[in-house]
Amino acid sequence: MSLAFVFPGQGSQAPGMGRDLADAFPIARETFQEVDEALGQHLSRLMFDGPAEELTLTANAQPALMAVSLAVVRVLEREGGFRLADRVALVAGHSLGEYSALTAAGALDVATAAKLLRLRGEAMQKATPAGIGAMAALLGAEADLAREICAESAETPEGKREVVELANDNGGGQAVISGHKAAVERAVEVAKAKGVKRAMILPVSAPFHCSLMGPAADAMAEALDRVAMAAPNPPLVANVTAAKATDPAIIKDLLVKQVTGTVRWRECVAAMVAMGCTRFVEAGAGRVLTGLMKRNAPEAQAQAVGTPADIEAFLGSL
């Protein structure tokens, strides 16, 4: 049975995340301390105790989610003797989770990943002034319908063009769109008129994964250029290509493209299944990807591993 590890993205954070891991495992405490030191901030305190509004800020949520994912991986390796390089066929991550996946696969060290994600969060926030952009979830819409809705919603009543693009193709009838606020609002109305089950504006601070994020992509290109990256082992299935990648130069380029590009999660899952993966482990906070897995690959086994009890259950199942 081929195993894949997948890593969650933004939206999976919640106050209290990682606290039970820190209480139970010294290696988890060390991981959180490493991230705190890299950022010069008590991020772990914010993770454990909140407040939620501060934890949800993109610049905090991104490194925090990576920290919990890596704490899980390190506990599995240290306590369970479970080495990803030996036991896992592929890794993938949803948006920022791609950095967690690369770190788990040995391509980046934890401190470097934390600093990159802090920069990524800040750059994404700065790319568009507050109130200019928005994102919306279309539930009951596949990618093609979401693209059609975006195409119909891009033009203003005055005949100008605004940005509204497919940000996430999550599969299972779940698409997320992103762009100028007015265009996204028009798209929500168009979606309802087309019979989409539910279309709603998301409580996010910036329009991620669309062309408005160009300045953030430039910032990441500059930062990644200065970073040493090894080939990931196991290989990565990349968000923007939904294909296997191992060459560090290519991966850096894909990470830059990912800032403005669609997260092709549905296709990533299909690619991993096509490459023989029949069991998926979501390592880190929450269970979002496990839920999506049940829709995208119902024949595969999927489980979330984020707590000491989850870790024990997973190691016991091997």
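Note that the coordinates shown come from a computational prediction; the quantities given were computed from them, not determined experimentally. (Residues numbered from 1 in each chain as written. Predicted model: local features only at pLDDT ≥ 70, side-chain atom pairs only at ≥ 80, totals over all residues. Heavy atoms only, no water.)

We now examine the packing of aromatic side chains. Per the counting criterion, the structure on display carries five aromatic pairs. With a centroid separation of 5.7 Å and 20° between ring planes, the pair formed by Phe 5 and Phe 82 is classed as stacked. Of this pair, Phe 5 sits in strand 1 (residues 2–7) while Phe 82 sits in the loop between helix 5 (58–80) and helix 6 (84–87), and the two are 77 residues apart along the sequence. Note on Phe 5: relative accessible area 0%, which makes it buried. Residue Phe 82 is classed as buried on the basis of its relative accessible area of 0%. Judged by centre distance (6.0 Å) and plane angle (75°), the rings of Phe 5 and Phe 314 are edge-to-face. With Phe 5 in strand 1 and Phe 314 in helix 15 (residues 308–316), the pair connects residues that are 309 residues apart, well separated along the chain. Ring-pair connections join several aromatic residues into one group, and the members of that group are Phe 5, Phe 7, Phe 82 and Phe 314. (Phe/Tyr/Trp six-rings, centres within 6.5 Å; stacked < 30°, edge-to-face > 60°. Helix = DSSP H or I, 4+ residues; strand = E, 2+ residues; numbered from the N terminus. Buried < 20%, exposed > 50% of the residue type's maximum accessible area, 1.4 Å probe, protein only.)

What follows covers the environment of Asn 170. Among the secondary structure elements, Asn 170 is positioned in strand 4 (residues 164–171). Residue class for Asn 170 comes out buried when judged on its relative accessible area of 4%. Each C-alpha atom, one on Asn 170 and one on Glu 142, is 8.6 Å from the other, the two residues being 28 residues apart in sequence. Excluding its chain neighbours within four sequence positions, the residues that come into contact with Asn 170 are His 94, Val 176, Trp 265, Arg 266, Leu 292 and Asn 296. Among the polar contacts made by the side chain of Asn 170, one reaches the side chain of Gln 174 at a distance of 2.8 Å. (Contact = heavy atoms within 4.5 Å. Polar contact = N/O pair within 3.5 Å; in protein donor to acceptor, adjacent residues only side chain to side chain.)

A few words now on the side chain of Ser 69. Take Ser 69: it is sitting in helix 5. Classification of Ser 69 by relative accessible area gives buried; the value is 0%. Sequence-distant contacts of Ser 69, that is, excluding residues within four places in its chain, are made with Phe 7, Pro 8, Ser 100, Ala 283 and Gly 284.

Moving on, we come to the sheet that holds strand 4. In spatial order, the strands read 4-5-3-6; together these four strands make up an open sheet with antiparallel pairing. Strands at the two margins of the open sheet, each flanked by one partner only, are strand 4 and strand 6 (198–201). For this sheet, the mean angle separating the axes of adjacent strands, direction not counted, is 20°. Strand direction decides the pairing type here: strand 4 and strand 5 (residues 174–180), joined by six bridges, are antiparallel. Following the sheet pairing, Leu 166 is matched in strand 5 by Ile 177. Each of strand 3 (133–139), strand 4, strand 5 and strand 6 touches helix 10 (residues 181–193); the most contacted strand, strand 5, lies at about 145° to it. (Pairing = 2+ DSSP bridges. Axes fitted to C-alpha atoms, helices over the stretch in contact; angles between N-to-C directions.)

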